[in-house]
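Notes for the structure review
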Amino acid sequence: MLAKAALRDFYESIMSTAIALHQVNKVYANGTVALRGIDLTIRKGEFVSLVGPSGCGKSTVLKLTAGLSTPTQGYIESPAVVGDRDLAFVFQDAALMPWATVLDNVHLPLKLKGQSLRASRSRIQAALNLVALQGFEHSYPRQLSGGMKMRVSIARALVTNPHILLMDEPFGALDEMSRSRLNGELLHLWEQYHWTVVFVTHNIYEAVYLSNRVVVMAAQPGRIVAEIPIEVPYPRDEEFRTSPQFNQYCRDIAHCLAGEAMPTPPLSTTPSTATP
Ligand SMILES: Nc1ncnc2c1ncn2[C@@H]1O[C@H](COP(=O)(O)OP(=O)(O)OP(=O)(O)O)[C@@H](O)[C@H]1O
Ligand SMILES: [Mg+2]
């Protein structure tokens, strides 16, 4: 009976895991120890933010998860690692093709899957509408602001409707109003499509507003120092952003980032079960 229950739990944990890093170390060729002893499990449909100081290895976690880099030690469970392309990456810099129009840049992932521009047109248009770039289809990246380039990059990620979305400071270059609007849009889409999102940000408020769980990292070596579940149901709204509970979460994360012990009473450190 016990064995059966244990087997069921094991099976359920495998089936519900989207990404897992097990005791991952990453040492770059020049000897930089970017990550040490990273253990992180992200369930399907979960929205997890990574916060931490510059150089603590946030982008490295995403690159390893996307299969763009390999761990020095430990192992990673991710669809990318077994060659599945059902995963999209919004890079820290927009990484657009300068010689191609907005339309062609957003078409790229579909083109790589063999889909013509004509057949892809409505999906590209829908992705551009989501990031409010309709009317800029024929512009080149040099004609766009930093924030607009980033929005093209987000449209390029969304156009394939991936199950896993890795986002590296996607809204860092945006003004507060655009950031707030896109935060709302992103949550709306996440609830609608049940994506798994791993989101890197320096903005504590953004992390708390968006996430099921905030993972706090520290540098030298890059490591996880706290995992804080944000146990507030979705949909979240302006009322949440201005609530005492929101401020308390932000304060707790700021404490962790400052290397201080969690204030008492501590928040639970078990992963949140709140999904859309
Ligand atoms: N290709 C590379 N070769 C050597 N060292 C690297 C390489 N990429 C990253 N690093 C180093 O690894 C560490 C972690 O870098 P990473 O880019 O993951 O940090 P980050 O948390 O994303 O920082 P930021 O917030 O500034 O983007 C840093 O010390 C960085 O200098
Ligand atoms: Mg980075």
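Keep in mind it's a predicted model, so treat the numbers as computed, not measured. (Residues numbered from 1 in each chain as written. Chains lettered and ligands numbered in written order. Predicted model: local features only at pLDDT ≥ 70, side-chain atom pairs only at ≥ 80, totals over all residues.)

Side note on the environment of Gly52
Basically, it comes down to this: Here a strand is any run of E in DSSP of at least two residues, a helix any run of H or I of at least four, and the numbering for each starts at the N terminus. Three exposure classes are used, all based on how many other C-beta atoms lie within 10 Å of a residue's own C-beta (placed from the backbone): buried at 20 or more, exposed at 12 or fewer, and partly exposed between those limits. C-beta atoms are placed from the backbone for every residue, and two residues are taken to be in contact when these atoms lie within 7 Å.
With respect to the helices, strands and loops of the structure, Gly52 is situated in the loop between strand S3 (47–51) and helix H2 (58–65). You can call Gly52 buried: it has 23 C-beta atoms within 10 Å. Spatially, the C-alpha atoms of Gly52 and Val225 are 9.5 Å apart, while their sequence positions differ by 173 residues. Those residues within four positions of Gly52 in sequence are excluded, and the remaining contacts are Lys58, Val216, Met217, Ala218 and Ala219.

Focus on the site of ligand 1
In plain terms, the rule: Nearness rests on one distance test: the residue's C-beta atom, set from the backbone, must lie within 6 Å of the molecule or strand. Each residue is assigned to one class: nonpolar for Ala, Val, Leu, Ile, Met, Phe, Trp, Tyr, Cys and Pro, charged for Asp, Glu, Lys and Arg, and polar for all the others, Gly among them.
By nearness alone, 14 residues border ligand 1, and Tyr28, Ala34, Ser54, Ser59 and Thr60 come closest of all. A breakdown of the residues in the shell around ligand 1 according to their chemical character gives 3 nonpolar, 10 polar and 1 charged.

Quick notes on the sheet that holds strand S5 (residues 87–90)
Filter applied, for reference: Any two strands are treated as partners once DSSP identifies two or more bridges connecting them. For every element, the axis is a line fit to its C-alpha atoms; helices are fit only across the contacting stretch, and the angle between N-to-C directions ranges from 0 to 180 degrees.
Overall, mixed pairing links the 6 strands, which are arranged S5-S6-S7-S3-S8-S9 in an open sheet. Lying at the two open borders of the sheet, with one neighbouring strand each, are S5 and strand S9 (223–229). Going from strand to strand, the sheet's axes swing by 15° on average, the running direction of each strand aside. Pairing geometry for S3 and strand S8 (residues 213–218), over 4 bridges, is parallel. When the sheet's bridge partners are listed, Val48 is paired in S8 with Arg213.

Some details on unusual backbone geometry
Looking along the chain, the bond that leaves Gln220 and enters Pro221 is cis, with omega of -5°. With respect to the element layout, Pro221 can be found in the loop between S8 and S9. Residue Tyr234 is joined to Pro235 through a cis peptide bond whose omega torsion reads -5°. Its location among the elements puts Pro235 in the loop between S9 and helix H8 (238–241). Even without being a glycine, Glu169 presents a positive backbone phi close to 45°. Positive phi is not limited to glycine here, since Gln220 has a value of about 50°. Positionally, Gln220 belongs in the loop between S8 and S9.

So, the sheet that holds strand S1 (residues 17–27)
Here we have 3 strands laid out as an open sheet, ordered S2-S1-S4, and antiparallel in their pairing. Edge positions in the sheet fall to strand S2 (33–43) and strand S4 (73–77), since each of these pairs with one other strand and no more. Across the sheet, the mean angle from the axis of one strand to that of its neighbour is 15°, orientation sign disregarded. By the bridge criterion, 7 bridges tie S1 to S2 in an arrangement that is antiparallel. When the bridges of S2 are listed, Ala20 appears paired with Thr41.

So, helix H5 (residues 146–158)
This is how it is decided: One less than the number of residues in a helix, times 1.5 Å, gives the span that helix is expected to have.
The first and last C-alpha atoms of H5 sit 19 Å apart over 13 residues, in line with the 18 Å expected at 1.5 Å per residue. Counting buried residues along H5, 11 of its 13 residues qualify, which places the element largely inside the surrounding structure. Those residues of H5 not exposed but buried are Met148, Lys149, Met150, Arg151, Val152, Ser153, Ile154, Ala155, Arg156, Ala157 and Leu158.

Re the nonpolar core
A general feature of soluble globular proteins is that nonpolar side chains tend to end up buried together. Our working definition: Throughout this description, the term nonpolar core refers to a group of buried Ala, Val, Leu, Ile, Met, Phe, Trp, Tyr and Cys residues whose C-beta atoms join them within 7 Å.
With 72 residues, the main nonpolar core has Ala155, Leu166, Val198, Val214, Val216 and Ile253 as its most contacted residues. A total of 7 residues in this core trace back to one element, the largest contributor, which is H5. Contacts of Val214, omitting those with residues within four sequence positions, involve Ser49, Val51, Ala207, Val208, Ile228, Ile230 and Ile253.

What about the packing of helix H3 (residues 102–112) against H5?
In helix packing, the relevant descriptors are the interaxial angle and the interaxial distance, both defined with respect to the helix axes. To be explicit about the condition: Take the far helix as the reference: if the near one is turned anticlockwise from it by less than a right angle, the crossing is left-handed, and if turned clockwise, right-handed.
The interhelical angle for the contact between H3 and H5, taken along N-to-C directions, is 35°, at an axis separation of 7 Å. Of the two possible hands of crossing, H3 and H5 adopt the one that is right-handed. Facing Val102, Asn105, Val106, Leu108 and Pro109 of H3, the residues of H5 in contact are Val152, Ala155 and Arg156.

Side note on the pairing of S9
Examined bridge by bridge, S8 and S9 share 6 bridges and lie antiparallel to one another. Paired with Met217 across the strands is Ile224, a residue of S9. Between S8 and S9, which pair antiparallel and follow one another directly, the connecting turn spans 4 residues, one of which, Gln220, has a positive phi of 50°.

It is worth stressing that arrangement in space is one thing and function is another; only the former is reported here.
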